[in-house]
Every structure is written in C-alpha cells, then in structure tokens.
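# Observations on the three-dimensional arrangement
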Amino acid sequence: MPAPLPQVWFNGALCAIEDAHVSILDRGFLFGDGVYELLPVYRGVPFRVDQHIARLQHSLRETGIPTPYDAQGWRNVIDTTINANGESDVTVYVQVTRGADTHRDHAFPRTQLEPTVLVYCAPLPQMSPHLRRDGVSAIVREDIRWGRCDIKSTSLLGNVLLRQQAVTHDAAETFLHDGQNIIEGSASSLFAVIDGQILTPPDGHEILPGTTRDLVLELAREAGLPARFAHIALDDFRRADEIWVCSSVREVLPVTRLDGVEVGNGRPGPRYREIDELFQAYKERLIREQAA
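On a predicted model such as this, the values are computed, not experimentally measured, just so you know. (Residues numbered from 1 in each chain as written. Predicted model: local features only at pLDDT ≥ 70, side-chain atom pairs only at ≥ 80, totals over all residues. Heavy atoms only, no water.)

A separate point is the side chain of Glu-184. With respect to the element layout, Glu-184 can be found in strand 9 (residues 181-185). Separated by 3.2 Å, the side chain of Glu-184 and the backbone nitrogen of Leu-208 make a polar contact. In contact with Glu-184, not counting residues within four places along its chain, are Arg-145, Cys-149, Thr-174, Phe-175, Leu-176, Leu-190, Glu-206, Ile-207 and Leu-208. (Helix = DSSP H or I, 4+ residues; strand = E, 2+ residues; numbered from the N terminus. Polar contact = N/O pair within 3.5 Å; in protein donor to acceptor, adjacent residues only side chain to side chain. Contact = heavy atoms within 4.5 Å.)

Along the chain, Phe-10 falls in strand 1 (residues 7-10). Each C-alpha atom, one on Phe-10 and one on His-52, is 19 Å from the other, the two residues being 42 residues apart in sequence.

Turning to the layout of surface pockets, a few remarks are in order. The computed volume of the largest pocket comes to approximately 1,000 Å³. Sorting the residues of the lining of the largest pocket by element identifies strand 3 (34-42), strand 5 (90-97), strand 6 (116-123), helix 5 (157-168), strand 9, helix 6 (211-222) and strand 14 (242-247) as the ones contributing at least two each. Ranked by residues supplied to the lining of the largest pocket, first place goes to helix 5 with three residues. For the lining of the largest pocket, the per-class residue count stands at 17 nonpolar, 13 polar and seven charged. (1 Å grid on protein atoms, 1.4 Å probe; cavity = no way out; pocket = protein on both sides within 12 Å on 5 of 7 lines; lining within 4 Å. Points joined across faces, edges and corners; volume = space filled by probe spheres on them. Nonpolar A, V, L, I, M, F, W, Y, C, P; charged D, E, K, R; others polar.)

Here we come to the pattern of salt bridges. By the definition in use, this model includes 22 salt bridges. Two residues, Asp-259 and Arg-141, come together in a salt bridge whose shortest N-O distance is 3.8 Å. Here Arg-141 lies in strand 7 (residues 136-142) and Asp-259 lies in the loop between strand 15 (251-258) and strand 16 (261-262), a separation of 118 residues in the sequence. The class for Asp-259 is partly exposed, based on a relative accessible area of 29%. (Salt bridge = Lys/Arg side-chain N within 4 Å of Asp/Glu carboxyl O. Buried < 20%, exposed > 50% of the residue type's maximum accessible area, 1.4 Å probe, protein only.)

Right, let's talk about the pairing of strand 11 (residues 197-200) for a bit. Where strand 10 (residues 189-194) lies against strand 11, three bridges are found, and the strand directions are antiparallel. Bridge assignment links Val-193 to a residue of strand 11, and that residue is Ile-198. Summarising the sheet, strand 11 and strand 12 (residues 227-229) pair through three bridges and their orientation is parallel. Within strand 12, the position partnered with Thr-200 by the bridge is Phe-229. (Pairing = 2+ DSSP bridges.)

The next subject is the sheet that holds strand 3. Here six strands make up an open sheet; going across it, the order is 2-1-6-5-3-4 and the pairing antiparallel. What marks the edges here is a single partner per strand, and that holds for strand 2 (13-16) and strand 4 (45-46). Note that strand 1 and strand 6 share two bridges and pair antiparallel. Within the sheet, the bridge partner assigned to Trp-9 lies in strand 6 and is Val-119. Contacts between helix 2 (residues 49-63) and the sheet are confined to strand 3, strand 4 and strand 5, with strand 3 contributing the most and set at about 175° to the helix. (Axes fitted to C-alpha atoms, helices over the stretch in contact; angles between N-to-C directions.)

Listed below in structure tokens is the structure:
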C-alpha cells in the first residue's frame, strides 16, 4: 500500500501525520486490542461507506470498545480527512483501540479508557489491467487464525504469516481451509464457480463479512445469475471452474492458478467477465449519483 497522505484525523482533530503520537501503554500497541476498517474512495466518493461503517460498529460492539461516533459522525470524520488531503482517489484507513492505560494488564481496565482514534488516507493503488485480463495465482493453507474472524481486529499476526506465504510463492493470496472446507483469503473474500453456481462461504465467526463480496452477490442476483452462500469443500474448491478473490482495494480478480495448477482453462472465465462488467458499471453509476 502507498504511504499515508500528510493530514490525519487523530483523537478528535486533524493534524500532521508526524504530530500523531500513540502512548507506549496504548492497548492497541501492547495487545492488538483494537479494530479497523478500510474503504476505497473513487473521485472523492467513499465506496459503500454505510456498509463499512456498519461493519466497524459491529467490531466495536463485539470487543466492548465504546464507539466514538455514530454513523453520521463517522461519515463526517471520513469526509473531513479526505478533503484535508486534496486527493480524490484514495483509501481511507480507520483504526480504534481501547486506549492507553496506566500499566500493562491483559484484563480491561476498571475505569473506561478514552479510545484512540486514527483515520488516514493513502493514494488508491492502481490495479494493473493485466490482472483482470490474465488473472493471478493463489495458494491454499490451513487456517491458523483466532476464532472470531468476524471481528475486524488489529490482531493480525496469523493473517500476516499466511499472507507472507503467498508473497514467498509469488502468489497474490493465500486461501484458508479448516481441514474440510475453504473459508476465505488471508486478506480477502473468495468466490468459486462450481457446476454453474457462483458460491461464497457463509458468514460466521470464522469469516469476515466482506463488503465487496456482498456487493458481488447483490449484482449477480440482480442480473439473474445463480449466486448464493454455501459451504465449499476443499476438494470441490480445487476443481472449481472459476475462482475469484475480492476485497475493497482489489475489487474482484480472477485466480487462474491455484497451488501451481490451472483453474479451469487457466484463463479468466465467463462468469468473472460478467461480474467485472457489472461491478465497474455499478461503481461508475454510484460516482455519478453522489456527484450529482
């Protein structure tokens, strides 16, 4: 990801990034006791911002961290940070930790802490056209993460180690399994096209509900394509006609090689081309509507 832009929102106000300092006793620093959210902004329009805020609020509720803002307050903070940096195509990173205590203790402090809030922008990474045209590679590994992946926690060491395995193998992503079923990517959601059906694993504690994934399902169903939540056996995943990886920044990309073996015929499939066309059209329509 590109480096952050110079103006950040930190604990209630804009400041220069070099002036944003976190205590060494912040529980996010000591324990990864915090949550985060990431969303793309196209031509100044935050993409699916309501869905991202809803997921952030879910993570805060599930961890017992007080929410610093209501939904409208978060929208205002996000817009303020975007406008302060003067760029229209960015990613917005939002992080909230439980705050800084007076000492290190695993248990929550008896007195409620003031959450530490950070919001910053970075230039939106540009996806090379050849990734949509040619597809990407991925690998499959056993899931070693914790049991509440529905919380978008800053405690990401398991994801980091699994994602690094993809980098080591010149792959774009590591897909995770529980010994029986495929779950999701180390930093993404996934789809598989099997026997003409567009499938994605259902929500649960072991999976992060994907905002991009949910949009893909919406678009597919509106277009009359057969798309649904379903458990996907690992063996079925390996024989899928098409596999896609999707996330807020990557959007939807076809996986054409899995563990070194071609997926389908080794080229992006027809269902992917349909979904990508629908996704790009939706994005343009949303930008026009928000700009009007």
